[in-house]
Amino acid sequence: MTEVVVDHAEGAVVPVHALREKEVAGFLDGRQAFVKAFAELSEFKGKPGQVLVVPDTEGGLDRVLFGLGESGDAQAFRALAAKLPAGDYRIASAPAELAPDQVALAFALGSYRFDRYKKKGEKHPRLVAGEGVDVAEVRQVAHACALARNMVNTPPNDMGPLQIETIAREIAEQHGASITVITGEGLLEANYPAVHAVGRAATPERAPRMIEITWGEAGRPLVALVGKGVVFDTGGLDIKPAAGMRTMKKDMGGAAHVLALGRMIMAARLPVRLAILVPTVENAISGDAMRPGDVLASRKGLSIEVGNTDAEGRLILADALTRAAELEPALTLDLATLTGAARMALGPQLPPFYTDDDELAGQIEAAMNAVADPMWRMPLWKGYVDSIDSDVADVKNDSDAWAQAGSITAALFLQKFAPSGPWAHFDIFAWNPRGRPGWPSGGEAQAIRALYRMIADRFG
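These notes cover the structure that comes with them.

## Regarding the environment of arginine 246
Note that arginine 246 resides in the loop between α9 (242-245) and α10 (253-268). Along the backbone, arginine 246 and glycine 46 are 200 residues apart, and their C-alpha atoms lie at a distance of 38 Å.

Here's what the structure looks like:
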């Protein structure tokens with residue numbers, strides 16, 4: 001990732017004035033006549049994302065005016081990064097309540113481009129960080145978010161189980177962590193039967209695997225991060241329609257997110273131990289694919305009836321969450337691109353999360369507000385748990401139609417396998433379906449900035 005937040009300039013630095021709508025008139029009244037006239041001629045009103053590049057008398061840039069609307073938060077600066085011409089800039093003025101480090105991070109996130117398959121050479125604007133900005137911290141968080149987005153954006157022919165394993169190994173080596181990988185038929189010997197069942201239909205070079213990274217000093221509290229790693233989801237024998245399959249390269253978004261979050265934690269050397277658990281499969285179609293009506297074993301010992309082969313993510317998470325429980329974590333977080341029902345409820349920009357732990361929920365909400373990483377707590381409504389009862393097994397992976405609340409029932413399924421201590425489930429989308437300045441269409445990092453802050457606050 002090109003460094004876009006720096007601590008020194010290479011040439012002239014253009015000042016940026018970030019203004020809310022009510023502040024524009026007062027700001028312009030105190031400027032040179034030509035600045036006020038240019039702003040009025042350009043109809044600069046401070047609307048959200050509005051950018052006015054003011055030229056100087058010598059053909060250069062005098063300053064930039066940036067609109068925050070009525071109450072823009074720090075993440076608004078993602079749009080600024082996407083709209084500025086190449087050059088060096090500094091924030092000359094902004095509302096006092098916007099933390100400089102969050103502004104700088106937003107600028108870095110808004111500079112993201114996925115150009116692996118395109119000719120490169122495009123220059124980016126850079127932000128010269130001011131006081132109160134830890135440039136190294138901003139970079140490591142921005143780089144981790146870019147890793148998650150790059151993994152989600154990479155097409156499945158170049159992001160299979162082996163590639164996720166390779167990335168996991170690189171992260172582990174970089175931070176002195178340990179890693180174990182169990183592959184193919186070894187999953188049955190190691191008691192990961194549900195992971196094996198979902199991934200067994202793939203070709204041998206894309207065999208399923210269970211990836212486990214461990215890091216940290218003995219005696220510190222253990223944080224378990226569990227991420228769904230379905231590198232491509234056909235839906236299995238309950239095959240998806242073409243439109244539903246088009247973006248299924250992103251179904252490993254949970255794996256990408258926990259690897260990125262783990263990298264943030266290790267880079268910052270937070271005072272915790274980590275277990276990063278990434279069940280990684282391709283939900284393919286072949287003569288060996290699991291069938292609707294199959295009854296699968298699980299690591300926990302619960303039998304699972306397969307009501308729908310397209311509800312495969314919760315199956316692999318069941319084994320991984322059971323493994324997390326064996327480690328007796330102080331906190332467990334799982335992230336998964338799990339249900340379309342979550343999108344129906346809250347849309348693509350607002351991922352739901354589930355937990356029965358009110359203290360943990362409050363900490364998550366405080367962190368998400370602090371770093372403008374939006375989520376919404378949804379209920380683990382026990383009135384729907386009967387909908388995943390099976391006539392022939394302990395539980396089934398698709399809920400009865402009467403319950404309707406597909407994201408809630410998926411969370412209730414996972415809760416049966418989750419550790420008994422503090423646990424939260426995040427049904428992320430990991431995708432921007434509509435491109436806008438600072439939020440290009442494609443892979444998006446959701447929840448992990450807030451979770452990083454929450455973990456630092458909870459254990460730091």
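## Section: the sheet that holds strand β6 (residues 125-128)
Spatially, the 6 strands line up as an open sheet ordered β1-β6-β5-β2-β4-β3, and their pairing is mixed. Strands with a single pairing partner mark the edges of an open sheet, and in this sheet they are β1 (5-6) and β3 (51-55). When strand β2 (residues 13-19) meets strand β5 (residues 87-93), the two strands line up parallel, connected through 5 bridges. Its bridge partner lying in β5, histidine 17 is registered against serine 93. Relative to the sheet, helix α2 (residues 33-41) contacts β3 and β4 (61-67), its axis offset from that of β3 by approximately 140°. With respect to the sheet, helix α4 (residues 100-110) is in contact with β1, β5 and β6, its orientation differing from that of β6 by roughly 165°.

## Description of the sheet that holds strand β13 (residues 304-305)
In spatial order, the strands read β12-β13-β17; together these 3 strands make up an open sheet with mixed pairing. Either end of the sheet is taken by a strand with one partner, and the two such strands are β12 (295-296) and β17 (395-396). Bridging between β12 and β13 involves 2 bridges; their strand directions are antiparallel. Looking across to β13, one finds that valine 295 is bridged to glutamate 305.

## Remarks on the pattern of salt bridges
A side chain with one charge can pair with a side chain of the opposite charge if their charged atoms come near. Enumeration according to the criterion identifies 27 salt bridges in this entry. Across the pair arginine 20 and glutamate 97 runs a salt bridge whose closest N-O atoms are separated by 2.5 Å. With a gap of 77 residues between them, arginine 20 in the loop between β2 and α1 (24-29) and glutamate 97 in the loop between β5 and α4 connect regions that are remote in the sequence. Put simply, aspartate 427 and arginine 343 hold a salt bridge, and the shortest N to O gap is 3.9 Å. With aspartate 427 in strand β18 (residues 423-427) and arginine 343 in helix α12 (residues 340-346), the pair connects residues that are 84 residues apart, well separated along the chain. The two residues aspartate 427 and arginine 343 agree in class, both being buried. Several salt bridges share partner residues, and in doing so they unite Glu212, Arg299, Arg323 and Glu326 into one network.

## Details of unusual backbone geometry
A negative phi angle is the norm for most residues apart from glycine, just as the trans form is the norm for most peptide bonds. At glutamate 43, a position not held by glycine, the phi torsion is positive, near 55°. Classification of glutamate 43 by relative accessible area gives exposed; the value is 55%. A positive phi angle, close to 65°, is found at alanine 430, a residue other than glycine. Among the structural elements, alanine 430 can be located in the loop between β18 and β19 (431-432). Of the residues examined, alanine 430 reaches a relative accessible area of 0% and is grouped as buried.

## Focus on the nonpolar core
Counting 90 residues, the largest nonpolar core has Leu259, Ile265, Phe426 and Ile455 as its most contacted members. Looking at this core, the element that brings in the most residues is helix α5 (residues 135-153), giving 10 residues. Counting 39 residues, the second largest nonpolar core, distinct from the first, contains Ala224, Val395, Ala405 and Ala418.

## As for the environment of glycine 362
Take glycine 362: it is sitting in helix α13 (residues 358-371). Along the backbone, glycine 362 and methionine 454 are 92 residues apart, and their C-alpha atoms lie at a distance of 9.8 Å.

## Some details on α4
Because the α-helix completes a turn every 3.6 residues, residues three or four places apart line up on one side. Among the 11 residues in α4, 9 count as buried, and that is most of the element. Along α4, the residues that are buried comprise Gln102, Val103, Ala104, Leu105, Ala106, Phe107, Ala108, Leu109 and Gly110.

## With respect to the pairing of β3
Burial along β3 is one-sided: Leu52 and Val54 are buried, and none of Val51, Val53 and Pro55, which face the opposite way, are. Where β3 folds back onto β4 in an antiparallel hairpin, the turn is made up of 5 residues, including glycine 59, whose phi is positive at roughly 90°.

## Quick look at a nonpolar patch on the surface
Taken together, the side chains of Leu237, Ile239 and Ile285 define a hydrophobic patch exposed on the protein surface, amounting to about 260 Å² of accessible area. In this fold, isoleucine 285 is placed in the loop between β11 (273-283) and β12. Assessed through its relative accessible area of 41%, isoleucine 285 is described here as partly exposed.

## Section: the pairing of strand β8 (residues 209-215)
Of all 7 residues that make up β8, 6 are buried, and the element is covered over most of its length. As paired strands, strand β7 (residues 178-183) and β8 are joined by 6 bridges and run antiparallel to one another. Bridge pairing in β8 links threonine 183 to arginine 209. Summarising the sheet, β8 and β11 pair through 7 bridges and their orientation is antiparallel. Bridging across to β11, tryptophan 215 finds its partner in leucine 274.

Cut-off values and rules
- Residues numbered from 1 in each chain as written.
- Predicted model: local features only at pLDDT ≥ 70, side-chain atom pairs only at ≥ 80, totals over all residues.
- Heavy atoms only, no water.
- Helix = DSSP H or I, 4+ residues; strand = E, 2+ residues; numbered from the N terminus.
- Pairing = 2+ DSSP bridges.
- Contact = heavy atoms within 4.5 Å.
- Axes fitted to C-alpha atoms, helices over the stretch in contact; angles between N-to-C directions.
- Salt bridge = Lys/Arg side-chain N within 4 Å of Asp/Glu carboxyl O.
- Buried < 20%, exposed > 50% of the residue type's maximum accessible area, 1.4 Å probe, protein only.
- Core = buried A, V, L, I, M, F, W, Y, C linked by side-chain atoms within 4.5 Å.
- Patch = residues over 30% accessible without salt bridge, like charges linked within 9 Å, V, L, I, M, F, W, Y side chains within 5 Å.
- Areas by Shrake-Rupley, 256 points an atom, 1.4 Å probe, with all protein chains shown as cover.

Remember, this is a structural readout, not a statement about activity or role.
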